[in-house]
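These are the residues of each chain, in order.
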Amino acid sequence: MKLLSRAKIGLRRRKTFVQMLVYFIVASVAGLTISTFYMYYQSSRTIVKEIGNHTEDSMRKAAHSTSYMMEWTLSYAQNWSRDSALVAYALGGEKDYYEDYKIWSALRKIQANNPLIESIYMLNDYTDTVVDTRSGIYTRAGFYDKEALDMVAPAELQGHRKLVPRGLEGLLNDIRPFRANLLTYVFPYEPNQSSSALIINIDERTVADLIGRNFSPSEGLYMLVDETGTIVASPGQNLFRTRTDYANRIDASGRSSGWQEIDGQGSPSLLVFADTSFTGHEGWRIVSIIPEKQLLGNVHALRNWTLLIYVPVVLATLFIVWLLAKKIYFPIQRLVRDIAGDRREEREDQEESELSLLSGVYRDQKSRLDRLSNTWRHYRGDARNAFLRGLIEKEAEYPEREMERRFADLGMRLPRWPIRLVLVRIDGYCDWASSYTEQEVRLLRYAMANIAEETMKGYALTAVDLDRDRVVLIVETEARSEAELLEHLRESQSSIKDYLEIETSLTVSPPLEDYADMHEAYKLTLRQAEERYFRGRGTIGVAKAERRESASAYKYPEERERKILNALKLGNEEETIRHLRTFVRETTDMSVSEGQLALTQLILNIGKTMNQIRKSDALGDTWDIPFIQETMSRLEVLQAVEEWLEERMREFLELQRQAANKASRNGQIVAEAIALIDLQLADPNLSSKWVADRMKMSINYLRSLFKEETGQPLADYIAKKRLERVVEQLVDTDRTVEEISVQMGFPAINSFYVAFKKKYGMTPNQYRKAYQQTPAPTPCVE
């Protein structure tokens, strides 16, 4: 009892140890048990699957060979059945013993050349003779195989145009007993006139042997099954012409070959099948049944041995688990005693385990440390950036000792002089920044600085974030050459583009020797970074002494602008673009601000000219100064602005060309219509519809187009031209009014008089009397 009591007290004090021991034991035993049985199950399934796949492959080869041999046998027999000598004998009407013998010999040779053919019958319906390669020549009445002769009857032939499984028993020559399982095929010579035929008998055992030579599963049963599920060939057992229920299982699978597990005769078995169809015999299959106990016998033995080995392995595992738990627990217990102290005493009433106590202490301490670390790291990072940004953007206000103290407080060391400032600007910032949040933009600038530090090995540098599109790198160049620095900067620039897909332009300041120079150097670098407008994106420049301004005042290239606008008005694209490019080149000799001003003035005047050409405010208010400034700021570099302006001008000129082409095509159509009207004025069928039909156009479209181009309807124009011809005839000839009206295509005299009087205010005769000797007046236009 005392031992039991002490054990309980020990276990209670070592609650964590007991828990660890139990967890380890349960986990180890469960894992070992599950893995053992799972491996046994998987191995059984894998073996069955592998055997099934292998047997299926062998079965397909056997099926292919069997199908080929059966196809060849039937083709072989059919070709011989057409032999002229055999056909002449089968259809001959005279009995000749010598001919019988010759045919018997020929059939014996045919049989000998095909290993599957057991015997051949030749039936002559006209002489009632049967030639049998098995036993000689018979009369029809005395032949022993009556079933074969019945298959040749005309009424039966249609049902036996395929191999028929049948059994044959009898006495050969009334002496020798004979028994065979046959597959019989009939080749009739005159299906609708006589019973003359060639009959082929294939031995079932020969077919089974053929299958066995190509496929022989160990201790398994295989068989050839026809489309009805009847066994037509099988070795060893008397299964010939018995039906199976495997056909339904196979048909349900919908496959030409495969395997599946079935319950065969009370025990699990493997059903393997393959299609062996040949001409006229669809749905024939080779089927094999293999009991699984024959396949998995060794696996079951292995399982039994595994179970015997399993018990000592579990015991050994338990012992190892106990040792491991002991080694792990005791150091933890000592640690708890060392660091818990009063905390343990405060919580004894809660029965808290040693690990829970230790875990709680650890979590509390780690949480405090993380908060302090994050706060300090964030503070120091922002403080460093703010301090260095102040040195760059403002004049240094600290004496040298104060500067040293500030660097030390922020965990930075003083740089080794000389240093250079590298201003990194993000190209296309406006479009790029619109795709990200402000926080994401800041993180990407931070990533740019990290990439620069990684790629510029051998240089000590500090990155300063100036917001928006700017990051400044403070690089300690020491004795390095400018060319070497530029090479490393190009590598950094390329890496930023590869990793972040951000294109940048860099400007490097002159060497600096003091903090007091940092602000002035930054201003110089920032001013000369604007040269990116001329240099283009993705470039690296070195800030030099201030660019000397031109002695002469700003001069706008008015003559070049005049040439651009004149070429634009003339629609000459080539000249317009050429003069524009020359104008842009001339602005590169100016300062950045002067060049931008000149280009802004040019774009304004181009916009006004385009509106004048289109005779409308086509561009609206879009090409005003705020729009132009926003566009130039977004495009950033001169090349991009030039390409943008060229594209806008090409689009405008293309629209102008399209409008001109449309007007030209319309004029050609109207001219063609007028010529057609002048040619056919005397045709009484001439009308708007007639003209439209001849020109293969819609009448409504032609009417609209004609009025748009000439200002008068098409029908009025036709009437006008006819009346003008009539007036000429009245004045210049003495022909009657009726003759003239008919000649000019007026179908009725009354309608002609009405139209003429409406046009000229008098009748044709009055017109002739008044103007025959004087020039005809110009008709009024209503």
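A. Looking closely at the environment of Phe583. Here Phe583 shows up in helix α20 (residues 573-587). Residues Phe583 and Glu558, 25 residues apart in the sequence, show an inter-C-alpha distance of 9.6 Å. With near-sequence residues (within four places) excluded, Phe583 lies in contact with Tyr556, Pro557, Arg560, Glu561, Ile564, Ala598, Leu599 and Leu602.

B. Seen up close, the side chain of Ser277. Residue position: Ser277 is located in the loop between β10 (267-275) and β11 (285-291). Owing to a relative accessible area of 17%, Ser277 belongs among the buried residues under this scheme. Separated by 3.0 Å, the side chains of Ser277 and Asp275 make a polar contact. Only 2.9 Å separates the side chain of Ser277 from the backbone nitrogen of Gly283, close enough to count as a polar contact.

C. How the structure looks around the sheet that holds strand β16 (residues 540-542). With respect to topology, 5 strands assemble into an open sheet ordered β13-β14-β12-β15-β16, the strand pairing being mixed. Whereas interior strands pair on both sides, the edge strands pair on one side only; in this sheet they are β13 (460-465) and β16. Adjacent strand axes in the sheet meet at a mean angle of 20 degrees when their direction is disregarded. Relative to strand β14 (residues 470-476), strand β12 (residues 419-426) runs antiparallel, the two being bridged by 7 bridges. Of the residues in β14, the one forming a bridge with Arg425 is Arg470. Across the sheet, helix α16 (residues 482-500) is in contact with β12, β14, β15 (504-508) and β16; its angle to β15 comes to roughly 160 degrees. In the packing of helix α17 (residues 518-529) onto the sheet, the strands contacted are β12, β14, β15 and β16, and the crossing angle to β12 comes to about 40 degrees.

D. View of the pairing of strand β7 (residues 221-225). Within β7, 4 of the 5 residues are buried, which leaves the element mostly enclosed by the surrounding structure. In the sheet, β7 pairs with β11 via 5 bridges, with the strands oriented antiparallel. Considered in β11, the bridge of Tyr222 is made with Ser288. Pairing geometry for β7 and strand β8 (residues 231-233), over 2 bridges, is antiparallel. Paired with Val225 across the strands is Ile231, a residue of β8. Joining the antiparallel neighbours β7 and β8 is a turn of 5 residues, in which Gly229 adopts a positive phi near 90 degrees.

E. Examining the confidence of the model for the protein chain more closely. Mean pLDDT over the protein chain works out to 79, with 80% of the residues at or above the 70 mark. Note that pLDDT drops below 50 for residues 344-350; the model gives that stretch 3 contacts with residues more than four away or on any other chain. Throughout residues 778-782 the model reports pLDDT below 50, and contacts reaching past four residues in sequence, or to other chains, amount to 4 contacts.

F. A look at the nonpolar core. Core analysis: the largest hydrophobic core is formed by 43 residues, its most contacted members being Leu107, Met122 and Leu163. At 9 residues, the largest contribution of residues to this core is made by helix α2 (residues 15-81). For Leu163, the contacting residues outside a window of four places in its chain are Met70, Leu74, Leu183, Thr184, Tyr185, Ile202, Phe278, His281 and Trp284. In terms of nonpolar packing, the next biggest core, distinct from the first, is built from 29 residues, Leu568, Val584, Ile606 and Leu638 among them.

G. A look at the side chain of Asp145. Following the sequence through the fold, Asp145 ends up in the loop between β3 (136-139) and α5 (146-150). For Asp145, a relative accessible area of 1% translates into the label buried. At 3.3 Å, the side chain of Asp145 forms a polar contact with the backbone nitrogen of Ala148. Residues within four places of Asp145 in sequence aside, it is in contact with Tyr121, Arg166 and Leu168.

H. Quick peek at unusual backbone geometry. Omega for the peptide link from Trp417 to Pro418 comes to 0 degrees, which places this bond in the cis form. As for its position among the elements, Pro418 is in the loop between α13 (400-409) and β12. A positive phi angle, close to 75 degrees, is found at Glu636, a residue other than glycine. Within the secondary structure, Glu636 sits in the loop between α22 (625-635) and α23 (638-679). Take Glu636: its relative accessible area is 11%, and that puts it in the buried class. Phi is positive for Lys696, which is not a glycine, with a value near 55 degrees. Tracing the backbone through its elements, the reader meets Lys696 in the loop between α24 (688-694) and α25 (699-710).

I. Here's a closer look at the pairing of β12. For β12, the tally of buried residues reaches 8 of 8 residues, placing the bulk of the element in the interior. Residues Ile419, Leu421, Leu423 and Arg425 line one face of β12 and the alternating positions Arg420, Val422, Val424 and Ile426 line the opposite face, and both faces are buried. Bridge analysis of β12 against β15 gives 5 bridges, and the strand direction is antiparallel. Residue Val422 lies in a different strand from β15, and its bridge partner there is Val508.

J. Seen up close, helix α7 (residues 204-214). Those residues of α7 that fall on the buried side of the exposure criterion are Glu204, Val207, Ala208, Leu210, Ile211 and Gly212. The opening residue of α7 is Asp203, an N-cap whose side-chain oxygen sits 3.3 Å from the backbone nitrogen of Arg205.

K. Expanded view of helix α15 (residues 438-455). With 18 residues, α15 extends 26 Å between its outermost C-alpha atoms, agreeing within 8% with the 26 Å of an ideal straight helix rising 1.5 Å per residue. Residues of α15 that are buried: Val441, Leu444, Arg445, Met448, Ala449, Ile451, Ala452 and Thr455. Buried residues along α15 cover an arc of 160 degrees about the axis, so they all sit on one side. In this structure, α15 carries Gln439, Tyr446 and Glu454 as exposed residues pointing more than 90 degrees from its buried face. Each element contacted by the buried residues of α15 is listed here: β12, α14 (429-433), β13, β14, α16 and β15.

About the criteria used
- Residues numbered from 1 in each chain as written.
- Predicted model: local features only at pLDDT ≥ 70, side-chain atom pairs only at ≥ 80, totals over all residues.
- Heavy atoms only, no water.
- Helix = DSSP H or I, 4+ residues; strand = E, 2+ residues; numbered from the N terminus.
- Contact = heavy atoms within 4.5 Å.
- Buried < 20%, exposed > 50% of the residue type's maximum accessible area, 1.4 Å probe, protein only.
- Polar contact = N/O pair within 3.5 Å; in protein donor to acceptor, adjacent residues only side chain to side chain.
- Pairing = 2+ DSSP bridges.
- Axes fitted to C-alpha atoms, helices over the stretch in contact; angles between N-to-C directions.
- pLDDT = per-residue confidence, 0-100.
- Core = buried A, V, L, I, M, F, W, Y, C linked by side-chain atoms within 4.5 Å.
- Expected span 1.5 Å × (residues − 1).
- Arc of directions from axis to C-beta.

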